[in-house]
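Working through the structure, step by step
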Amino acid sequence: MGYRRGTWTIHGLRRILVTLGTTTDKTELLRKLPSVDGLLRWPAIQSLVAREGQSAVVEATRTVLARIREEILAATLDKTGVDLAISGLSEAIERQTGADLSYSLRGVINATGVILHTNLGRAPLDVRALHHVSQVAAGYSNLEFDLDSGERGKRDVHVDRLFARLLGDAGREVSTIVVNNNAAAVLIALNTLAEGGEVIVSRGELVEIGGSFRVPEVMAKSGATLREVGTTNRTRAADYENAITEKTRLLMRVHRSNFEMVGFTEQPSLDELVEIGHKHRVPVLEDVGSGAFFDLRDVNANGETTILDSIRAGVDVVTYSGDKLLGGPQAGLISGTRELVAKIRKNPLFRALRVDKLIYSALEATMLAYVKHDYDAIPAIRLMRTPAEELARRAEAIQVRVSVALTGVEVVNSESVIGGGAAPTATLPSVALAISSASMSADEFAECLRRSDPPVVVRVENDRVLIDLRTVFPEQDELVARALLSLK
Ligand SMILES: *Cc1c(COP(=O)(O)O)cnc(C)c1O
């Protein structure tokens, strides 16, 4: 017993000493670090201050010192490590200052093949649209000024006229207003037209759309009550009709977006829904989501109707996004009868949800391209329309360009998707470079490509990196080749 206790005591004492020792070591290591004030007197740091300014350099110095301190406390830096860190301090501070003062939001090369990739900023904008944006936004504009009368104007007019032309073929007069995004469009439309009343929606359409847009939740926030009809897979026209009461304000149809039902399903056509609505004097609201002004059947992708189709069917109000199939800036569009759209426009929420001159100018340029049938001026559509043979030629050229240094690069057929919840099961034939590296896993390879400048974002399939050319702009081919060559 006594012996054991003695052992324990010695062992315990040693433990205390060891702990004391490391604490002392750490304190000593921390003491070796120069102070911020001390560092600011170093010549290298003084010249950095002269270039980048005192406050940025002080901030970066604090960040770098805090990082080293943390590593000392976590015991990931020993004495040699600390000496090394101190000798590299001025470079580290310079790098940190550079990182702090550079853009976080930057362009990337989308080699995923997903045309409307929500994480990569959805629809790219054309240089012509950007030129218009810079013309309007770099100075003053007639955003809310009528140049004829010299009086106050409305920002809506700039795009409403173009939408009216594009949707005028339906033989009805159509007005369009713009809000921040489609979620906002649905919110303000429901709030204006159905607050305090009921909105009839099919159970099969109560979906969650990417980025947690849930119809029932938006409905609750709008102050309208959801009246679900039908079952998940089947809803008949009579289900809507039987649910109409004096509390009913709207019949609503929601595009299922990135979700499709097959098999034993039923849904009344838009025409039938409109017929029921008009019979009972209840307006029909359709949340289309993707907002096509271009017929996707022209690129052999089915299952997506256009906004004109909805207006033709007699829907009273349609809501859709600006940066999905429309191919413009982020926006929410509300098109419909003059009377209902004017009512929505008068809602005080409009003031909170309206968009600025950057969006109006980008949207105006996009819609003008549609009016002129100039689809090549809308990048998302241009990418969809590129023939697969052209993608194959470009893929082969990149393959040849990198073959001097890189083996294991194959040109393969691929399938790209539209994305953004549009035509979820439709694919476009595409061509990709498939790469397997001898020295890295496909995930590691993908990570290295993301670290390139500009970053290249790829798809990984069957432990191979796929660079899908459907979403790579031709002028980026050389950058892709260089990114590959720099990795080898
Ligand atoms: C994408 C989508 C939304 C949300 O649109 P945002 O522009 O992202 O706000 C709403 N409804 C449907 C049907 C959609 O597809």
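Just above sits the structure.
Let me begin by describing the structure that accompanies this report. Just so we're clear, the structure is a prediction, and the values are computed from it rather than from any experiment. For every chain, the first residue of the written sequence is number 1, and numbering continues from 1 along that sequence. In keeping with the predicted nature of the model, local features appear solely for residues at pLDDT of at least 70, side-chain atom pairs appear and are counted solely at 80 or more, and the whole-chain, interface and lining totals rest on all residues. Side-chain descriptors were evaluated using all non-hydrogen atoms of the structure, hydrogens and water having been removed beforehand.

Being paired, for any two strands, means DSSP has found at least two bridges between them. Working definition: helices are DSSP H or I runs of at least four residues, strands are E runs of at least two. Numbering for both runs from the N terminus. Pairing is mixed in the open sheet, where seven strands are placed in the order E5-E13-E12-E11-E10-E6-E9. Unpaired on one side and paired on the other, strand E5 (174-179) and strand E9 (225-229) mark the two borders of the sheet. Strand-to-strand twist in this sheet, taken as the mean axis angle between neighbours without regard to direction, amounts to 25 degrees. Examined bridge by bridge, E5 and strand E13 (residues 332-337) share six bridges and lie antiparallel to one another. Across the sheet, the residue bridging to valine 174 is threonine 337, located in E13. Sheet strands touched by helix H14 (residues 338-346): E5, strand E12 (317-321) and E13. Its angle to E13, the strand with the most contacts, is close to 140 degrees. Structural elements are reduced to axes, namely lines fitted to C-alpha atoms, with helices fitted over the stretch in contact, and the angle between N-to-C directions of any two is expressed from 0 to 180 degrees. Here, two residues are considered to be in contact whenever any of their heavy atoms come within 4.5 Å of each other.

Here we come to unusual backbone geometry. For the bond running from aspartate 453 to proline 454, omega is 0 degrees, close enough to zero to count as cis. In this fold, proline 454 is placed in the loop between helix H19 (442-450) and strand E16 (456-461). In the Ramachandran plot, alanine 75 falls in the positive-phi region, its phi being about 60 degrees despite a non-glycine side chain. Tracing the sequence through the fold places alanine 75 in the loop between helix H4 (54-73) and helix H5 (79-87). Assessed through its relative accessible area of 55%, alanine 75 is described here as exposed. With phi around 50 degrees, arginine 122 is a residue other than glycine that occupies positive phi space. The residue arginine 122 is located in the loop between strand E2 (114-116) and helix H7 (127-137) in this model. Residue burial is assigned from relative accessible area. The probe radius is 1.4 Å, only protein chains are included, and a residue is buried under 20% of its type maximum, exposed over 50%, and partly exposed in between.

Our next topic: the environment of serine 175. With respect to the helices and strands, the residue serine 175 is situated in strand E5. Sequence spacing of serine 175 and phenylalanine 213 is 38 residues, and the spatial spacing of their C-alpha atoms is 25 Å. Setting aside residues up to four positions removed in sequence, serine 175 forms contacts with Asp160, Ile334, Ser335, Gly336, Arg338 and Val341.

By the burial criterion, the buried members of H14 are Leu340, Val341 and Ile344. End-on, the buried residues of H14 take up no more than an arc of 95 degrees, which puts them together on one face. In H14, the exposed residues that point more than 90 degrees away from the buried face are Arg338, Glu339 and Lys346. Check the buried side of H14 and you find it contacts E5, helix H9 (182-194), E12, E13 and helix H15 (349-353). The directions from the helix axis to the C-beta atoms are what the arc is built from.

Geometry only, nothing functional implied.
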